[in-house]
Amino acid sequence: MVTGDDSWVPYCDRAEWSDVVPIPQDDGEDPLVPIDYSSRFEDVMNYFRGICKREECSARALDITKEVISLNGASCSAWFYRWKCLQELDSDLLDELDYIDTMGKTYPKNYQLWWHRRLVVEKIGKIVAERELQCTADALEVDTKNYHIWSYRQWLLRAV
(Lines give C-alpha, C1' and ligand atoms only; values in the text may rest on other atoms or scores of the structure.)
Protein backbone atom coordinates (compact mmCIF):
# COMPACT_ATOMS: atom_id res chain seq x y z
CA MET A 1 0.00 0.00 0.00
CA VAL A 2 2.90 2.34 0.58
CA THR A 3 3.60 4.42 -2.46
CA GLY A 4 6.82 6.12 -3.49
CA ASP A 5 6.39 9.01 -1.08
CA ASP A 6 9.52 11.14 -1.33
CA SER A 7 8.37 13.32 1.57
CA TRP A 8 8.47 10.44 4.06
CA VAL A 9 10.84 11.10 6.96
CA PRO A 10 12.23 8.15 8.93
CA TYR A 11 11.11 8.01 12.55
CA CYS A 12 14.77 8.03 13.60
CA ASP A 13 15.00 11.54 12.06
CA ARG A 14 11.82 12.91 13.66
CA ALA A 15 12.38 15.06 16.71
CA GLU A 16 8.97 14.18 18.14
CA TRP A 17 10.01 10.52 18.25
CA SER A 18 13.37 11.08 19.97
CA ASP A 19 11.94 9.88 23.30
CA VAL A 20 11.15 6.43 21.90
CA VAL A 21 13.85 3.78 21.95
CA PRO A 22 13.59 1.79 18.72
CA ILE A 23 13.71 -1.97 19.15
CA PRO A 24 15.30 -3.85 16.25
CA GLN A 25 13.92 -7.20 15.24
CA ASP A 26 15.85 -10.06 16.81
CA ASP A 27 16.33 -12.86 14.31
CA GLY A 28 18.98 -14.56 16.43
CA GLU A 29 22.72 -14.74 15.88
CA ASP A 30 22.75 -16.54 12.57
CA PRO A 31 19.32 -16.60 10.89
CA LEU A 32 18.96 -19.36 8.33
CA VAL A 33 17.20 -17.17 5.77
CA PRO A 34 17.44 -13.51 6.70
CA ILE A 35 14.71 -11.33 5.25
CA ASP A 36 15.86 -8.28 3.32
CA TYR A 37 13.48 -5.68 4.74
CA SER A 38 13.43 -2.20 3.27
CA SER A 39 14.97 0.52 5.42
CA ARG A 40 11.53 2.10 5.74
CA PHE A 41 9.98 -1.14 6.97
CA GLU A 42 12.78 -1.63 9.51
CA ASP A 43 12.51 1.94 10.79
CA VAL A 44 8.73 1.84 11.16
CA MET A 45 8.74 -1.56 12.83
CA ASN A 46 11.59 -0.65 15.20
CA TYR A 47 9.65 2.38 16.43
CA PHE A 48 6.38 0.46 16.55
CA ARG A 49 8.02 -2.11 18.82
CA GLY A 50 9.40 0.77 20.91
CA ILE A 51 5.93 2.29 21.33
CA CYS A 52 4.48 -1.11 22.23
CA LYS A 53 7.14 -1.72 24.84
CA ARG A 54 6.28 1.63 26.45
CA GLU A 55 2.60 0.62 26.31
CA GLU A 56 1.91 4.09 24.96
CA CYS A 57 -1.59 4.77 23.69
CA SER A 58 -1.53 8.16 22.03
CA ALA A 59 -2.32 9.82 18.74
CA ARG A 60 1.19 9.06 17.51
CA ALA A 61 0.86 5.43 18.57
CA LEU A 62 -2.37 5.24 16.59
CA ASP A 63 -0.64 6.90 13.63
CA ILE A 64 2.24 4.45 13.61
CA THR A 65 -0.18 1.51 13.60
CA LYS A 66 -1.62 2.97 10.41
CA GLU A 67 1.85 3.06 8.88
CA VAL A 68 2.64 -0.50 9.99
CA ILE A 69 -0.64 -1.70 8.46
CA SER A 70 0.13 0.12 5.22
CA LEU A 71 3.41 -1.81 5.05
CA ASN A 72 1.97 -5.13 6.22
CA GLY A 73 -1.80 -5.36 6.29
CA ALA A 74 -1.65 -8.75 7.99
CA SER A 75 0.24 -7.53 11.05
CA CYS A 76 -1.78 -8.95 13.94
CA SER A 77 0.25 -6.87 16.37
CA ALA A 78 -0.53 -3.61 14.58
CA TRP A 79 -4.27 -4.30 14.35
CA PHE A 80 -4.37 -5.38 18.01
CA TYR A 81 -2.45 -2.33 19.18
CA ARG A 82 -4.60 -0.08 17.01
CA TRP A 83 -7.74 -1.44 18.71
CA LYS A 84 -6.17 -0.91 22.13
CA CYS A 85 -5.34 2.72 21.28
CA LEU A 86 -8.75 3.41 19.77
CA GLN A 87 -10.42 2.29 22.98
CA GLU A 88 -8.06 4.07 25.32
CA LEU A 89 -8.26 7.32 23.35
CA ASP A 90 -12.06 7.03 23.01
CA SER A 91 -11.62 7.58 19.29
CA ASP A 92 -14.45 8.11 16.82
CA LEU A 93 -15.21 4.59 15.67
CA LEU A 94 -17.19 5.78 12.67
CA ASP A 95 -13.97 7.37 11.43
CA GLU A 96 -12.31 4.03 12.06
CA LEU A 97 -14.89 2.29 9.88
CA ASP A 98 -14.02 4.76 7.11
CA TYR A 99 -10.34 3.84 7.53
CA ILE A 100 -11.21 0.12 7.43
CA ASP A 101 -13.25 0.71 4.26
CA THR A 102 -10.19 2.25 2.62
CA MET A 103 -7.88 -0.54 3.77
CA GLY A 104 -10.43 -3.16 2.71
CA LYS A 105 -10.03 -2.07 -0.88
CA THR A 106 -6.32 -2.91 -0.65
CA TYR A 107 -6.61 -5.97 1.60
CA PRO A 108 -10.06 -7.48 0.94
CA LYS A 109 -9.01 -10.97 2.04
CA ASN A 110 -7.28 -9.90 5.20
CA TYR A 111 -8.48 -11.79 8.25
CA GLN A 112 -7.10 -9.20 10.68
CA LEU A 113 -8.94 -6.37 8.93
CA TRP A 114 -12.29 -8.17 9.10
CA TRP A 115 -11.76 -9.14 12.74
CA HIS A 116 -10.87 -5.54 13.56
CA ARG A 117 -14.01 -4.39 11.76
CA ARG A 118 -16.03 -6.79 13.86
CA LEU A 119 -14.58 -5.36 17.09
CA VAL A 120 -15.38 -1.84 15.94
CA VAL A 121 -18.94 -2.72 14.92
CA GLU A 122 -19.56 -4.59 18.18
CA LYS A 123 -18.53 -1.48 20.08
CA ILE A 124 -20.61 0.92 17.95
CA GLY A 125 -23.71 -1.25 17.91
CA LYS A 126 -26.73 -1.66 15.70
CA ILE A 127 -26.72 1.90 14.39
CA VAL A 128 -24.26 0.78 11.70
CA ALA A 129 -26.11 -2.37 10.66
CA GLU A 130 -27.36 -1.00 7.34
CA ARG A 131 -23.98 0.47 6.52
CA GLU A 132 -22.28 -2.85 7.23
CA LEU A 133 -24.76 -4.90 5.23
CA GLN A 134 -24.20 -2.55 2.28
CA CYS A 135 -20.44 -2.77 2.77
CA THR A 136 -20.50 -6.55 2.58
CA ALA A 137 -22.88 -6.51 -0.40
CA ASP A 138 -20.56 -4.14 -2.26
CA ALA A 139 -17.50 -6.21 -1.41
CA LEU A 140 -19.19 -9.42 -2.52
CA GLU A 141 -19.99 -7.84 -5.87
CA VAL A 142 -16.25 -7.55 -6.41
CA ASP A 143 -15.46 -11.08 -5.20
CA THR A 144 -18.30 -13.48 -4.49
CA LYS A 145 -15.88 -16.12 -3.16
CA ASN A 146 -14.22 -14.00 -0.47
CA TYR A 147 -14.54 -16.21 2.58
CA HIS A 148 -13.63 -13.39 4.98
CA ILE A 149 -16.53 -11.24 3.81
CA TRP A 150 -18.96 -14.14 3.99
CA SER A 151 -17.82 -15.00 7.52
CA TYR A 152 -18.13 -11.40 8.60
CA ARG A 153 -21.57 -11.08 6.99
CA GLN A 154 -22.79 -14.22 8.77
CA TRP A 155 -21.60 -12.82 12.07
CA LEU A 156 -23.18 -9.45 11.25
CA LEU A 157 -26.59 -10.97 10.52
CA ARG A 158 -26.54 -12.82 13.85
CA ALA A 159 -25.11 -9.95 15.89
CA VAL A 160 -27.13 -7.01 14.67
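Please refer to the structure placed before this passage.
A few points on the structure. What you see is a predicted model; the values in this text were computed from it and never measured.

**Topic: the overall build of the protein chain**
Here is step 1 of the chain: Scanning the protein chain for helices and strands turns up seven helices and zero strands.
Here is step 2 of the chain: Each helix and strand of the protein chain, placed in order from N terminus to C terminus, yields the pattern α-α-α-α-α-α-α.
Here is step 3 of the chain: For the protein chain, the residues scored as buried account for 41% of the 160 residues in total.
Here is step 4 of the chain: The contacts in the protein chain between residues at least 6 apart in sequence include a share of 66% that link residues at least 24 apart.

**With respect to the nonpolar core**
Soluble, globular proteins show a tendency: their nonpolar side chains are buried together.
Here is step 1 of the chain: In terms of nonpolar packing, the biggest core is built from 41 residues, with Y11, W17, F48, I64, Y81 and V121 touching the most fellow members.
Here is step 2 of the chain: Elements supplying a minimum of two residues to this core: α1 (39–54), α2 (59–71), α3 (76–88), α4 (93–106), α5 (111–124), α6 (129–142) and α7 (147–159).
Here is step 3 of the chain: If we ignore the near neighbours within four places in the chain, the residues touching I64 are Y11, W17, V44, Y47 and F48.

**As for the packing of α3 against α5**
Here is step 1 of the chain: At a minimum axis distance of 10 Å, the contact between α3 and α5 shows a crossing angle of 15°. Judged by the inter-axis angle, α3 sits roughly parallel to α5. Between α3 and α5 lies a crossing whose hand is right-handed. For the pair formed by α3 and α5, the contact residues are C76, W79, R82, W83, L86 and Q87 on the first element and Q112, L113, H116, L119, V120 and K123 on the second.
Here is step 2 of the chain: In the contact of α3 with α5, the residues fall into seven nonpolar, three polar and two charged.

**Regarding the pattern of salt bridges**
Here is step 1 of the chain: In the structure shown here, the tally under the stated rule is 13 salt bridges.
Here is step 2 of the chain: A salt bridge links R82 to E96; its shortest N-O distance comes to 2.8 Å. On the criterion of sequence distance, the pair formed by R82 in helix α3 and E96 in helix α4 is long-range, its members being 14 residues apart.
Here is step 3 of the chain: Counted as one network, the salt bridges with shared partners bring together D98, D101, R117, R131 and E132.

**A closer look at the packing of aromatic side chains**
Here is step 1 of the chain: Scanning the model with the defined rule gives ten aromatic pairs in all.
Here is step 2 of the chain: Geometrically, the ring pair formed by W79 and Y99 is tilted, given 6.3 Å between the ring centres and 45° between the ring planes. Within this pair, whereas W79 is found in helix α3, its partner Y99 is found in helix α4, the two being separated by 20 residues in sequence. Pair check on accessibility: W79 and Y99 agree, each one buried.
Here is step 3 of the chain: Taken together, W8, Y11, W17 and Y47 form an aromatic cluster joined through their ring pairs.
Here is step 4 of the chain: Directly above the aromatic system of Y11 lies the positively charged group of R14, at a separation of 3.9 Å from the ring centroid.
Here is step 5 of the chain: The positively charged end of R82 is found above the aromatic ring belonging to Y99, 4.3 Å away from the centroid.

**Description of α7**
Here is step 1 of the chain: Helix length check: α7 (13 residues) gives 18 Å between terminal C-alpha atoms against 18 Å at 1.5 Å per residue, within 8%.
Here is step 2 of the chain: For α7, the set of buried residues is I149, Y152, W155 and L156. Within α7, the buried residues cover an arc of 130° as seen down the axis, which keeps them to one side. Seen from the open side of α7, the exposed residues pointing more than 90 degrees away from its buried face are Y147, L157 and R158.
Here is step 3 of the chain: Those residues of α7 that are buried are in contact with α5 and α6.

The rules behind the values
- Residues numbered from 1 in each chain as written.
- Predicted model: local features only at pLDDT ≥ 70, side-chain atom pairs only at ≥ 80, totals over all residues.
- Heavy atoms only, no water.
- Helix = DSSP H or I, 4+ residues; strand = E, 2+ residues; numbered from the N terminus.
- Buried < 20%, exposed > 50% of the residue type's maximum accessible area, 1.4 Å probe, protein only.
- Contact = heavy atoms within 4.5 Å.
- Core = buried A, V, L, I, M, F, W, Y, C linked by side-chain atoms within 4.5 Å.
- Axes fitted to C-alpha atoms, helices over the stretch in contact; angles between N-to-C directions.
- Parallel < 35°, antiparallel > 145°, perpendicular 65-115°, else oblique.
- Left-handed = near helix turned anticlockwise from the far one by under 90°.
- Nonpolar A, V, L, I, M, F, W, Y, C, P; charged D, E, K, R; others polar.
- Salt bridge = Lys/Arg side-chain N within 4 Å of Asp/Glu carboxyl O.
- Phe/Tyr/Trp six-rings, centres within 6.5 Å; stacked < 30°, edge-to-face > 60°.
- Lys NZ or Arg CZ within 6 Å of the ring centre and 35° of its normal.
- Expected span 1.5 Å × (residues − 1).
- Arc of directions from axis to C-beta.

Keep in mind these numbers describe shape, not what the thing actually does.
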